[in-house]
Amino acid sequence: MLATVALLMATLSQVFSQHQPPVVRQDIPLDSIRLSDPFILADKKTATYYMTGTGGMLWKSKDLKKWTGPFVIAKTDPASWMGPNPMSWAAELHHYKDKYYYFATFTNRAVKIDTVGENVIERRASHVLVSDNADGPYVPMSDPTYLPASKPTLDGTFWVDKDGKPYMVYCYEWLQNQNGTIEKIELKPDLSGSIGDGKLLFRASESPWSRENVKGSTGPNKVTDGPFLFNTGTGRLGMLWTSWIYDVYTQGVAYSKSGTLDGPWIQEKEPITPPNYGHGMLFQTLNGKWLMSVHSHRSVDGRTMRYPQLFEVDFSGSKLVVGKPYKP
């Protein structure tokens, strides 16, 4: 397990530098793009699909078939805690009220916040940038931090709960707490900062489907990854999230008994997607069809690469049902 995570961490570290603009290409098929944690915004205002993810770059498409990119869209502050050239993971784009928001995990590798066992933990946190346009540029807002500097947090996503308040839902990383969690924190009305402290929603150990071997014993995996919220057709609140079954990346789903972020969260017994797919999100196409975007792993010349994949979904009833792969 640790060796697998180390390999993937090394893969994720190979992101574009903000100081070296990438070469923009046109008419690239989706399955030819290497991208971890793909997130797709279907923007009705521009009739365009915008895809981002780990690395913080942006791809654009009119039909989900051919893509143009990558473009640099995030403009972080080099004087902030992120440093001059932070790593960027699991970026998301959300249209809220009259603005576009960029939720992402930033890592400043020059700052070490803790050491737990053999794990030296770098300064990492979920953060939010803002823009007037879907394709950016996205810039910082008023608050310098959203989550505590002493905790490594990642994979922040956005949700407006039944109380009408906006929240960030994120992972508190297992590297420090040894049992990853998914938590929430309230955001200011304009998402420019956070309010109060984070609140625990559930722990990795509550998963009935994830597995790992630890010192000869088998138990739930310690990793929480990629939360994403949705409402079913019956109004039931669900959450996609990802972990591992031994060395296989796997996605599950949980449902809130109360219908709010406060839960309690009831975990489905079986994974929601086939093996080797995870970090999913749901979006509705410009033609009204609901799809799930995930990534899968492939070994290319001895290196682990991640590629986007789309699945058909149906959550018109009380549960999310994942269908066949979708080929645009």
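This write-up is about the structure you can find in this document. In every chain, residue numbers begin from 1 and rise along the written sequence. Whole-chain, interface and lining totals are the exception, using all residues; otherwise, since this is a predicted model, local features are given only for residues with pLDDT of at least 70 and side-chain atom pairs are given and counted only at 80 or more. The side-chain quantities take in all heavy atoms of the structure and omit both hydrogens and water.

## Let's talk about unusual backbone geometry
(1) Moving on: Pro-70 follows Gly-69 through a cis peptide bond whose omega is 0°.
(2) Moving on: Starting at the N terminus, helices and strands are each numbered in turn, a helix being any DSSP run of H or I of at least four residues and a strand any DSSP run of E of at least two. Tracing the chain through its elements places Pro-70 in strand β5 (residues 66–72).
(3) Moving on: In the segment running from Gly-263 into Pro-264, the intervening peptide bond is cis, with an omega of 5°.
(4) Moving on: Here Pro-264 lies in the loop between β18 (248–256) and β19 (265–267).
(5) Moving on: If you check the backbone angles, Gln-178 has positive phi at about 65° while not being a glycine.
(6) Moving on: Along the chain, Gln-178 turns up in the loop between α2 (174–177) and β12 (181–187).
(7) Moving on: Although it is not a glycine, Asn-276 adopts a positive phi angle of roughly 75°.
(8) Moving on: Tracing the backbone through its elements, the reader meets Asn-276 in the loop between β19 and β20 (277–284).
(9) Moving on: Three exposure classes are used, based on accessible area relative to the maximum for each residue type with a 1.4 Å probe and protein chains only: buried under 20%, partly exposed in between, and exposed over 50%. Judged by relative accessible area, Asn-276 falls into the partly exposed class, the value being 25%.

## Here we look at the side chain of His-295
(1) Moving on: Take His-295: it is sitting in strand β21 (residues 290–300).
(2) Moving on: Polar side-chain contacts of His-295 include one of 2.9 Å to the backbone nitrogen of Asp-37.
(3) Moving on: A contact between two residues is defined here by any heavy atoms of the two lying within 4.5 Å. Ignoring sequence-local partners within four residues, the contact set of His-295 consists of Leu-35, Ser-36, Asp-37, Pro-38, Tyr-249, Asn-276, Tyr-277, Gly-278, His-279, Arg-306, Tyr-307 and Pro-308. In protein, a polar contact means a hydrogen-donor-capable atom and an acceptor-capable atom, both N or O and within 3.5 Å, with residues adjacent in sequence counting only if both atoms are side-chain atoms; elsewhere, any N or O pair within 3.5 Å suffices.

## Observations regarding the sheet that holds strand β10 (residues 153–160)
(1) Moving on: Across the sheet, four strands lie side by side as β10-β11-β12-β13; this open sheet has antiparallel pairing. Bordering the open sheet on either side are β10 and β13 (194–203), each of which pairs with just one other strand. When strand polarity is set aside, the average angle formed by the axes of neighbouring strands in this sheet is 25°.
(2) Moving on: Whether two strands pair depends on DSSP finding at least two bridges between them. In the sheet, β12 pairs with β13 via six bridges, with the strands oriented antiparallel. Within the sheet, the bridge partner assigned to Thr-181 lies in β13 and is Arg-203. For helices, the fitted line uses only the C-alpha atoms of the stretch in contact; every axis is such a line through C-alpha atoms, and the angle between N-to-C directions lies from 0 to 180 degrees.

Limitation: the analysis is restricted to geometry and does not speak to function.
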